[in-house]
Amino acid sequence: MFPNKTRTATTTLLLMSTLSAPMMGHAGWQTERIVGGKLNTILYVPDSAPALAGKRALMVSMHGCGQTNDEFQQGANWPAQAEAKGMVIALPQASGEGTYGGLGCWNFHVGMNMSRTSSDAKYLLDMVNALVADTSLNIDPNQVYITGLSSGGGMAASIGCLAPEVFAGVGVNAGPGPGSDGDSMGNSNPDISVTAGVANCKTLSNKDGANQQANLYTQVHNSVCGSNDSMVSPAWCDRLADIMVATYQEDTSINDCSGGDHPTSIAGDGTVTTWCDSEGARVSKIIVNGMGHAWPAGPGSSGGGNYIDHTHVNYPEYITSFLFDNNRRVITNANPEVSELMLSENAGAIVVSGTATDTDGTVDTVTITVARTSSGTVEDSFSLGVDGGGYFTGTSATLADDNYTVTATALDNQGAQGSLSDSVWVGPIPPNRAPVVSNVTATASGACVTVTGDIQDADGNLNSASANYDDGALVQNIPVTSSNMSFTVENCELAAGEHSVVVSAGDGELNGAAEAVAFITEEPGSTGNIGFHLDQGHITYGEGYSWCYSQYGASTEFTMVEQSSASQCQWVDEVHANCAGPLQACSGDGGGDDGEDCVEHSSTNYTHKLLNRAYSSGSLIAPDYFAKGSNEPMAGSTYGTNTLHSTDAGSVWRLGNCP
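Rules and cut-offs
Residues numbered from 1 in each chain as written. Predicted model: local features only at pLDDT ≥ 70, side-chain atom pairs only at ≥ 80, totals over all residues. Heavy atoms only, no water. Helix = DSSP H or I, 4+ residues; strand = E, 2+ residues; numbered from the N terminus. Rg over C-alpha atoms; globule rule 2.2 N^0.38 Å. Buried < 20%, exposed > 50% of the residue type's maximum accessible area, 1.4 Å probe, protein only. Contact = heavy atoms within 4.5 Å. Areas by Shrake-Rupley, 256 points an atom, 1.4 Å probe, with all protein chains shown as cover. Lys, Arg positive; Asp, Glu negative; His and termini not counted. Charge placed at Lys NZ, Arg CZ, Asp CG, Glu CD. Pairing = 2+ DSSP bridges. Axes fitted to C-alpha atoms, helices over the stretch in contact; angles between N-to-C directions. Parallel < 35°, antiparallel > 145°, perpendicular 65-115°, else oblique. Nonpolar A, V, L, I, M, F, W, Y, C, P; charged D, E, K, R; others polar. Left-handed = near helix turned anticlockwise from the far one by under 90°. Polar contact = N/O pair within 3.5 Å; in protein donor to acceptor, adjacent residues only side chain to side chain. Phe/Tyr/Trp six-rings, centres within 6.5 Å; stacked < 30°, edge-to-face > 60°. Salt bridge = Lys/Arg side-chain N within 4 Å of Asp/Glu carboxyl O. Expected span 1.5 Å × (residues − 1). Disulfide = S-S within 2.5 Å.

Trainee: For this particular structure, what's the right way to read the overall build of the chain?
Mentor: Counting its regular elements, the chain contains ten helices and 38 strands. Its C-alpha radius of gyration of 29 Å places the chain within 12% of the 26 Å reference for a compact globule of 659 residues. With the C-alpha coordinates aligned to their principal axes, the bounding extent of the chain is approximately 90 × 75 × 45 Å. Each of the 659 residues in the chain was classed as buried or not, and the buried ones make up 52%. Sequence-distant contacts, at least 24 apart, represent 63% of the contacts inside the chain between residues at least 6 apart. Looking at the chain as shown, the accessible area adds up to about 26,900 Å², and 47% of this sits on carbon and sulfur atoms. Averaging the locations of the 22 positively and 69 negatively charged side chains of the chain gives two centres separated by 9 Å.

Trainee: What is the right way to read the sheet that holds strand β23 (residues 448-456) from this model?
Mentor: Adjacent strands of a sheet pair through backbone hydrogen bonds, lying either parallel or antiparallel. Read from one edge to the other, the open sheet built from three strands follows the order β22-β23-β26, with strand pairing classed as antiparallel. Both edges of this open sheet fall to β22 (436-445) and β26 (484-491), since each of them pairs with a single strand only. Neighbour to neighbour, the strand axes of the sheet diverge by 10 degrees on average, direction disregarded.

Trainee: Please explain the packing of helix α4 (residues 151-162) against helix α5 (residues 194-205) as it appears in this structure.
Mentor: A pair of packed helices is captured by two measures, namely the crossing angle of their axes and the spacing between those axes. Contact geometry of α4 with α5 gives a least axis separation of 6 Å together with a crossing angle of 55 degrees. Between α4 and α5, the interaxial angle falls into the category oblique. The residues of α5 that touch α4, namely those facing Ser158, Cys161 and Leu162, are Cys201, Leu204 and Ser205. When the residues that make up the contact of α4 with α5 are grouped by side-chain class, the tally is four nonpolar, two polar and no charged.

Trainee: Any chance you could explain the packing of helix α3 (residues 119-133) against α4 here in plain terms?
Mentor: α4 packs onto α3 with a crossing angle of 70 degrees between their chain directions and a minimal axis gap of 11 Å. On the basis of their axis angle, the class for α3 and α4 is roughly perpendicular. Both α3 and α4 take part in a crossing whose hand is right-handed. Residues Asp120, Ala121, Leu124 and Leu125 of α3 form the contact with α4, whose own contacting residues are Met155, Ile159 and Leu162.

Trainee: Would you explain the side chain of Thr373 in this entry?
Mentor: Within the secondary structure, Thr373 sits in the loop between β17 (363-372) and β18 (378-384). Judged by its relative accessible area of 8%, Thr373 is buried. One polar contact links Thr373 to Thr405, side chain to side chain, over a distance of 2.9 Å. Those residues in contact with Thr373 that sit more than four places away from it in its chain are Asn403, Tyr404, Thr405, Ser423, Asp457, Ala458, Asp459, Gly460, Ser483 and Asn484.

Trainee: What am I meant to see in the packing of aromatic side chains here?
Mentor: Think of a pair of aromatic rings as described by two things: how far the centres are apart, and how the planes are tilted against each other in angle. Inspection of every chain in the model, using the stated rule, returns ten aromatic pairs. Consider the rings of Trp78 and Trp295, whose centres lie 5.9 Å apart with planes at 50 degrees: the pair is tilted. Note that Trp78 is positioned in the loop between α1 (69-75) and α2 (79-85) and Trp295 in strand β13 (residues 295-296), a separation of 217 residues in sequence. What makes Trp295 buried here is its relative accessible area of 0%. The interplanar angle of 15 degrees and the centroid separation of 5.9 Å between the aromatic rings of Tyr318 and Phe322 together place this pair among those described as stacked. Residue Tyr318 and its partner Phe322 are both found in helix α7 (residues 315-326); the two are separated by four residues, about one turn of the helix.

Trainee: Sorry, what's going on with the pattern of salt bridges here?
Mentor: A side chain of one charge can pair with a side chain of the opposite charge when the charged atoms of the two come close. In total, this model carries 13 salt bridges according to the counting rule given. Here Glu279 ties to Arg328 by a salt bridge, and the two come within 3.9 Å at their closest N and O atoms. One end of the pair, Glu279, is in the loop between β11 (270-277) and β12 (280-288); the other, Arg328, is in the loop between α7 and β15 (337-346), and 49 residues separate them in sequence. On the basis of relative accessibility, which here comes to 61%, the residue Glu279 falls in the exposed class. Salt bridges sharing partners connect three or more residues here, namely Asp277, Glu279, Arg282 and Arg328.

Trainee: It is not clear to me how the sheet that holds strand β16 (residues 349-357) should be interpreted in this structure. Could you clarify?
Mentor: Strand order across the open sheet formed by three strands is β15-β16-β19, with antiparallel pairing between neighbours. Of all the strands in the sheet, just β15 and β19 (391-395) have a single pairing partner and so form its edges. Each neighbouring strand pair of the sheet contributes to a mean axis angle of 15 degrees, computed without reference to strand direction. As paired strands, β15 and β16 are joined by eight bridges and run antiparallel to one another. Considered in β16, the bridge of Glu337 is made with Thr357.

Trainee: Any chance you could explain helix α6 (residues 235-249) here in plain terms?
Mentor: Note that an α-helix has 3.6 residues per turn; residues three or four places apart therefore point the same way. Between the first and last C-alpha of α6 there are 21 Å, a value that for 15 residues agrees with the 21 Å anticipated at 1.5 Å per step. In terms of burial, α6 is largely enclosed, as eleven of its 15 residues are buried. Looking at the packing, one finds that the buried side of α6 touches α4, β7 (169-173), α5, β8 (220-226), β11 and β12.

Trainee: Quick question: what am I supposed to make of the pairing of strand β27 (residues 497-506) here?
Mentor: If a strand is regular, its side chains alternate between the two faces of the sheet. For strand β24 (residues 464-469) and β27, the ladder comprises six bridges, and the chain directions are antiparallel. Across the sheet, residue Ala467 finds its bridge partner in β27, namely Val503. By the bridge criterion, five bridges tie β27 to strand β29 (residues 517-521) in an arrangement that is antiparallel. Residue pairing for β29: Val501 is matched across the bridge by Val517. Two strands pair when backbone bridges link them, and β27 and strand β28 (residues 511-513) are joined in this way by three bridges, in the antiparallel orientation. Each residue of the ladder has a partner; that of Gly506, found in β28, is Asn511. In textbook terms, the turn of a hairpin is the stretch between consecutive antiparallel strands, and for β27 and β28 this stretch comprises four residues, one of which, Gly508, has a positive phi near 95 degrees.

Trainee: I keep staring at the environment of Lys85 and nothing clicks. Help me out?
Mentor: Tracing the backbone through its elements, the reader meets Lys85 in helix α2. C-alpha separation for the pair Lys85 and Gly54, spaced 31 residues apart in sequence, amounts to 11 Å. With residues up to four places along the chain from it excluded, the contact list for Lys85 reads Ala49, Pro50, Ala51, Thr320 and Phe324.

Trainee: I'm lost on unusual backbone geometry in this one. Help?
Mentor: With the exception of glycine, most residues fall at negative phi, and the peptide bonds are largely trans. Its identity as a non-glycine residue notwithstanding, Asn77 has a phi of 70 degrees, on the positive side. In this structure, Asn77 sits in the loop between α1 and α2.

Trainee: Can you walk me through the environment of Val406 in this structure?
Mentor: Along the chain, the position of Val406 falls in strand β20 (residues 402-412). When the C-alpha positions of Val406 and Thr556 are compared, they lie 54 Å apart, and in sequence the two are 150 residues distant. Each residue touching Val406, except ones within four places of it in the same chain, is listed here: Leu341, Leu343, Ile350, Val352, Ile368, Thr369, Val370, Leu420, Ser421, Asp422 and Val424.

Trainee: How should I be thinking about the side chain of Ser95 in this particular structure?
Mentor: Tracing the chain through its elements places Ser95 in the loop between β5 (88-92) and α3. Exposure remark for Ser95: the relative accessible area of 16% places this residue in the buried category. Among the polar contacts listed, one links the side chain of Ser95 to the backbone nitrogen of Glu97, at a separation of 3.2 Å.

Trainee: Mind showing me how you'd approach the state of the cysteines here?
Mentor: Here, disulfide denotes a covalent bond that connects the sulfur atoms of two cysteines. Applying the stated criterion to the full structure yields six disulfides. Here Cys257 engages in a disulfide with Cys276; their sulfurs sit 2.0 Å apart. Across the S-S bond of Cys257 and Cys276 the torsion is about 65 degrees, and the bridge reads as right-handed. Residue Cys257 is found in the loop between β9 (255-256) and β10 (265-266), and its partner Cys276 is found in strand β11; the two are separated by 19 residues along the sequence. With relative accessibility at 11%, the residue Cys276 sits in the buried group. Note that Cys448 is cross-linked by a disulfide to Cys492, the S-S spacing being 1.9 Å.

Structure representation (structure tokens):
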């Protein structure tokens, strides 16, 4: 399998509230971006509703060595399952770190030295934490799953043990067991025994002071591989299933339950073995008969290049159903519902009444909380019972004149909650007061600005808020989450230069606004590894290469920003100013003949592959390279140098100079 690729940064508009603003404006595949601080990640956000407990699942799916996440996007066949279950898909790109990072492999090769605090394991956990924290995605932390092929499978097997509290389910496709360094993946007799694998898994779960072994006992697991796999022995599929059965069996009885409710075969010539505990299926294994080393995407799928199989088992369909059907962590109890909430004042106290019902149980109590609308300060709290029809009523303590928000929260017999709020005045109703906007800041970073602040409406009537840039040239909505709220919005749509922002808020009658805040944005940068920046002309071997290589090496990506100097421009690293290219014509100056439609590039075969002008096949160590589209063979293997040209905007590349 083949080396990693590079990317160019894109500029997007992100709208992010601290409570509920959507990260993305549309469903489907999203623009690739860095999530959690390190990993370039492509997300699929479904249009359909969540299938389980009103919250979305997150499926992390990892490519193998030499593959890229956009190849998984094209061919791994995830969208149908994302929509069927209302599930978010995350396709991260390996960081490029570690022994085989330059080949695009995940860094599981550290074996038992894997840590939550370093390299790909840390980056994956940071990515998951960032996605779960984004309330617009509505991800349930009890429905986070991880799958992967080959090195991605090895990473899934080990990180599933390292962080079992994060991953409720694991799917390993043609990967070795927990703690493996990957040096014997082709062996027909895996070098990690069942006993050693169990010990490795438990040791990993308790590393870094995490002590998460108990969470292994609410996790489910699947392994899948091709019977004809010559790169990772199918014996690993058997061994990994045995390891996880033995691991989970330390907490509860688990036995082979194949047959009956757990079929021994699935469409696409897959042979299935299933092990169950008292609640149902817990571990399963699939041998895909006749398949080699590949991700089994299933019939009807297409694309994604080598190592994606479109003729056998539909693994996304199987693993999604297996994980959803057998999740041990999701509470499926429905929340009770509060309705018909009525509030009135009586001699300085608030009389509260309403109905609380539960479709799959009983309501134990209804807790009433009374808070000042302007500040959120709780002034009274008391509990009520319900009658046979769910009706409740009660009266607060005597309160000072003000507007109050009353929340009724019902608790059912299984611990689930449901609530409803409304507001009411105690004492004379004062004239309407305008919302107050305060503590506004605007922090620019490159082409983007982050605006934060606070909004309060003492009357509890806040219904709109916006960030108005450059005297209204661009208006960005700020989602209203309460009448006493903090907000954060990010805007990456402004041109480079000086700008100002005014935050305003309204209640339908009166408006309030803060003073204008000034900031300066810069041109967006371009991100890639050193080969990318060489190829784009940002640096040359004579100017910039040595400094940039000393800071980043061959594979680490970094961002360069084009800066103007008199009538010329220079590309400069946004972190290390000495990593800079020569003075040259600015990229927006155009150039070249109007009729010219041929481009050519001379570089190593490896760089051509990174920039999607070539592909490779054959040996992992010394692959054969071919020009994309024309399939013309390129001499010299990985570090051979060739010139390629294209006359159709990069769809087809051919050997030699432009004609």
